[in-house]
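Next come the chains, spelled out residue by residue.
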2 protein chains.
Amino acid sequence: MTADDLTLFKKRLAEHGYQVTKAREATFKLLVSAEPQTIREILVKAQGVVDRVSVYRNVGVFEKIGLIHRVHIGWKYKLELSDEFVGHHHHLSCLKCGRVIDIEDEKHIDDFIKEVSAKFGFEPRRHQFEVDGYCKDCRS
Amino acid sequence: MTADDLTLFKKRLAEHGYQVTKAREATFKLLVSAEPQTIREILVKAQGVVDRVSVYRNVGVFEKIGLIHRVHIGWKYKLELSDEFVGHHHHLSCLKCGRVIDIEDEKHIDDFIKEVSAKFGFEPRRHQFEVDGYCKDCRS
DNA sequence: TTCAATTTGCAATTATGTTGCAAATTGGAG
DNA sequence: CTCCAATTTGCAACATAATTGCAAATTGAA
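How each quantity is defined
- Residues numbered from 1 in each chain as written.
- Chains lettered and ligands numbered in written order.
- Predicted model: local features only at pLDDT ≥ 70, side-chain atom pairs only at ≥ 80, totals over all residues.
- Heavy atoms only, no water.
- Domains from an automatic or database assignment.
- Contact = heavy atoms within 4.5 Å.
- Polar contact = N/O pair within 3.5 Å; in protein donor to acceptor, adjacent residues only side chain to side chain.
- Helix = DSSP H or I, 4+ residues; strand = E, 2+ residues; numbered from the N terminus.
- Nonpolar A, V, L, I, M, F, W, Y, C, P; charged D, E, K, R; others polar.
- Buried area = accessible area lost by both parts, 1.4 Å probe.
- Salt bridge = Lys/Arg side-chain N within 4 Å of Asp/Glu carboxyl O.

Student: How do you make sense of the domain arrangement of chain A when you look at a structure like this?
Tutor: As a measure of interface size, the accessible area lost when the parts come together is often cited. Residues and elements named next belong to chain A. Under the domain assignment, chain A is made up of domain 1 (1–86) and domain 2 (88–140). Just the C-alpha atoms count here: the centres of domain 1 and domain 2 sit 22 Å apart. At the junction of the two partners, domain 1 supplies nine residues and domain 2 supplies eight residues. Linking domain 1 with domain 2 are three residue pairs in polar contact (both at pLDDT 80 or more), by the criterion used here. Contributing elements (two or more residues each) for the side of domain 1 that touches domain 2: strand E1 (68–73) and helix H5 (83–86). Its residues assigned to classes, the side of domain 1 that touches domain 2 shows four nonpolar, two polar and three charged.

Student: What should I look at first to understand the interface of chain A and chain B in this one?
Tutor: Taken residue by residue, the interface counts 39 residues in chain A and 39 residues in chain B. Around 3700 Å² of area is buried between chain A and chain B when both sides are counted, 65% of it from carbon and sulfur atoms. Viewed at the interface, chain B and chain A are joined by four salt bridges. Here Arg-126 of chain B makes a salt bridge to Asp-132 of chain A, at a shortest N to O gap of 3.9 Å. Where chain A packs against chain B, one counts 15 residue pairs in polar contact (both at pLDDT 80 or more).

In structure tokens form, the structure reads like this:
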């Protein structure tokens, strides 16, 4: 993670009236260390450093202020940094090996969202797109 | 639900070597009664009729043989009948009132999946697309 | 440095999902 | 229709995930 990421992180917390604490900084760094990852993976890494409960609570805070979001990959959800850190993208998720491939697209998806939102008078805020299947190495 | 739906349901169970039981039929009817809905909502309705454990087990069976699938709406997952019952579609989900609007699209999404799958040698099996935002009545 | 407000960690609780097993149900053979 | 092996059910117990109350510690602003 870059120094800028950390600065932005602190800025966002302050903007929303949250304090910058050791637990929050540590938890954020765990989130950045690999992604997307499950809450379970984060809890394991947090062992002895940040309490389970604080991890849950702060992940909740981070989500609320838009620092991270949940992506549903297969059954479980994983946590991922928000677009301002990693850029907007979607996922190809391998059903066999679990590999996640980031994909970009603004044309198809955004066009579609605009079109359908206009049709229903809907005001879109977030979207998620995910494709499950078999990656190059796992297809038989 | 139509009589045809029930017939198809029984046919699919038989095809996969599963018995048609009262618990399964009751659970399927609960699934059809509203959708998409959370497992929790189904468990409440199943009170005194079908045991928790059997609901979980049969929902698992239904998923496995493709009668239903999970859709991730906001945080939670909901259960929805598969395409052969309700047709392939996606969702606009209201962050305020929870309303779910079904939307159709084959052009944008399918084109994009084809394009990106070819690029990465990926073999797509399922996909999910969801837009969260505010519906006509809830936008301020 | 001081202090009110926020946040943390712990213990306890609730929610969600799973497993083993005896009893009941199902569906096919006769 | 009756019988029976195989499947399925419901119960109790267990496992895992997430939340809550509260005293003690930390934070940041004066």
